[in-house]
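Chains, contacts and geometry: an overview
Chain residues, written in single-letter form:
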Amino acid sequence: MNIVKGAVGGEGAALVAGDLELIGQLARKPLGEEEVYIFSVRLCDNEIDRDFERFAPQTLEELAPMFVGKSGIFDHQWSALGQAARIFKTEVVWEPDRLTKAGDCCCWLKGYAYMMRTESNRDLIAEIEGGIKKEVSVGCAVERAVCSICGQDCAAEDCGHQKGQEYGGQLCYATLEGAADAYEFSFVAVPAQPAAGVVKSVRPGEAQAAARLEEEAALGRKYLDRLRAEVVRMALLADQELDGRAVKSLADKLSHRELEELARSFARRAGERLPMKTQLSYGESPAAKEENQAFLA
């Protein structure tokens, strides 16, 4: 699963002991302090973003070493001509006094990058120092996006929840887990969101397929909404003492297969409790039977 994350970053940083040695491992020759410019970037974090996705803290830890040695470019244009910087170290920064919308401690992946103090980089360095070049985004890959409601992979058939919707008072979002690779970080004009965001990209030729999948997903969501409502209705018919809100909260967490099975079960119980009666009777009434017996006597 390839993703692009937007973040606010790009600020000056001072060289500390060991930095030149780390940079030297990436350069073809030892570099002096006067030859390099160092700055830091906020690559990505564990906050829920505008697309209702977030990195798991463990994923940030996994991505940290993967970003070492990766290039800094512009607008995710994978061209050697656009290479401006390179990350030489990373760290996961924890902010124990801040909580995310998901309720856990805020943390983010910080990258330290260097560029050469050359004539061609002079304007870029000035823009970083002046706060003009501040927004960055990262390109990376993760193995799965886990639904916060059911715990299933969002791509799995059993997950019918929609990110950004509420189920039983709980916001649905996806947690990105299993870091697979890190590609680059880019200076961008407009990131996906102020702190961290996601921008999905579609390869050429996939637009129609993506539109068809989205249409099918919308139909599936409508079906699930109707199925959840039917489960609640049947449950209340089967047992009037049930709490409707509790049943709705339960239904919101179930997959379509579980909902269908529950709907059948509640329908059977409702049928036993409230059997269908015909309005017309084809048997003889007691009065008519008595009259016949009297006549025969």
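Residues numbered from 1 in each chain as written. Predicted model: local features only at pLDDT ≥ 70, side-chain atom pairs only at ≥ 80, totals over all residues. Heavy atoms only, no water.

1. Considerations on the overall build of the chain
Helix and strand counts for the chain come out as seven helices and twelve strands. Every one of the 297 residues in the chain was classed for burial, and the buried ones make up 38%. Of the contacts formed within the chain by residues at least 6 apart in sequence, a portion of 74% connects residues at least 24 apart. In the form shown here, the chain has an accessible surface area of approximately 17,400 Å², with 52% of it arising from carbon and sulfur atoms. (Helix = DSSP H or I, 4+ residues; strand = E, 2+ residues; numbered from the N terminus. Buried < 20%, exposed > 50% of the residue type's maximum accessible area, 1.4 Å probe, protein only. Contact = heavy atoms within 4.5 Å. Areas by Shrake-Rupley, 256 points an atom, 1.4 Å probe, with all protein chains shown as cover.)

2. Remarks on the pairing of strand β6 (residues 85–99)
As defined by bridge partners, β6 adjoins strand β7 (residues 105–116) across ten bridges and the pair is classed as antiparallel. Paired with R86 across the strands is Y114, a residue of β7. Where β6 folds back on β7, the antiparallel hairpin that results is connected by five residues, among which G103 adopts a positive phi of roughly 100 degrees. (Pairing = 2+ DSSP bridges.)

3. Here we look at the packing of aromatic side chains
Scanning the entire structure with this criterion turns up two aromatic pairs. Geometrically, the ring pair formed by Y37 and F39 is stacked, given 6.0 Å between the ring centres and 25 degrees between the ring planes. Neither residue differs from the other here; Y37 and F39 are each classed as buried. (Phe/Tyr/Trp six-rings, centres within 6.5 Å; stacked < 30°, edge-to-face > 60°.)

4. A closer look at helix α5 (residues 244–252)
Of the residues making up α5, those classed as buried are V247, A251 and D252. Buried residues in α5, looked at end-on, bunch into an arc of 135 degrees, giving them a common side. (Arc of directions from axis to C-beta.)

5. Looking at helix α6 (residues 256–273)
Counted at 1.5 Å a residue, the expected span for α6 with its 18 residues is 26 Å, and the 25 Å between its end C-alpha atoms agrees. Among all positions in α6, only H256, L259, A263, F266 and A270 are buried. All buried residues of α6 fall inside an arc of 85 degrees around its axis, so they share one side. (Expected span 1.5 Å × (residues − 1).)

6. Thoughts on the side chain of T100
With respect to the element layout, T100 can be found in the loop between β6 and β7. Reaching out from T100, the side chain makes a polar contact with the side chain of D104 at a distance of 2.4 Å. Filtering out sequence-adjacent residues up to four positions away, T100 remains in contact with N46, E47, R54, C105 and C106. (Polar contact = N/O pair within 3.5 Å; in protein donor to acceptor, adjacent residues only side chain to side chain.)

7. Quick look at the nonpolar core
Soluble, globular proteins show a tendency: their nonpolar side chains are buried together. Of all hydrophobic cores here, the largest spans 32 residues; its most connected members are F39, L43, F67, L109 and F185. For this core, the secondary structure elements donating two or more residues are β3 (36–45), α2 (57–67), β6, β7, α3 (122–129), β8 (135–147) and β11 (174–187). Of the residues forming this core, the biggest block, six residues, is contributed by β11. Grouped together as the second largest cluster of nonpolar side chains are 14 residues, M234, A235, L254 and A270 included. (Core = buried A, V, L, I, M, F, W, Y, C linked by side-chain atoms within 4.5 Å.)

8. Looking at the confidence of the model for the chain
If pLDDT is low for a region, its predicted coordinates should not be looked at in detail. In this model, the chain carries an average pLDDT of 78, and 74% of its residues clear a pLDDT of 70 or more. Here strand β12 (residues 196–198) stands out as the element of the chain with the lowest mean pLDDT, 29, in contrast to α2, whose mean of 95 is the highest. Here residues 6–11 scores under 50 on pLDDT; set against residues more than four positions off or in separate chains, the count is 37 contacts. pLDDT under 50 marks residues 191–207. Its contacts with residues more than four places away, or in other chains, come to 40 contacts. (pLDDT = per-residue confidence, 0-100.)

9. Some thoughts on the pattern of salt bridges
Tallied over the entire structure, the rule returns 14 salt bridges. Of the charged contacts in the structure, one is a salt bridge between R42 and D45, with a shortest N-O distance of 3.2 Å. Note on accessibility: R42 and D45 belong to one class, buried. When salt bridges with common partners are traced through the structure, they connect E143, R144 and E177 into a single cluster. (Salt bridge = Lys/Arg side-chain N within 4 Å of Asp/Glu carboxyl O.)

10. Considering unusual backbone geometry
Even without being glycine, F52 reaches a positive phi, approximately 60 degrees. One can find F52 in the loop between β3 and β4 (53–55). You can call F52 partly exposed: its relative accessible area is 29%.

11. Here's the deal with the environment of G139
Positionally, G139 belongs in strand β8. For the pair G139 and F67, spaced 72 residues apart in the sequence, the C-alpha separation amounts to 9.8 Å.

12. Considering the environment of D49
Within the secondary structure layout, D49 lies in the loop between β3 and β4. Between the C-alpha atoms of D49 and A174, which are 125 residues apart in sequence, the distance is 9.8 Å.

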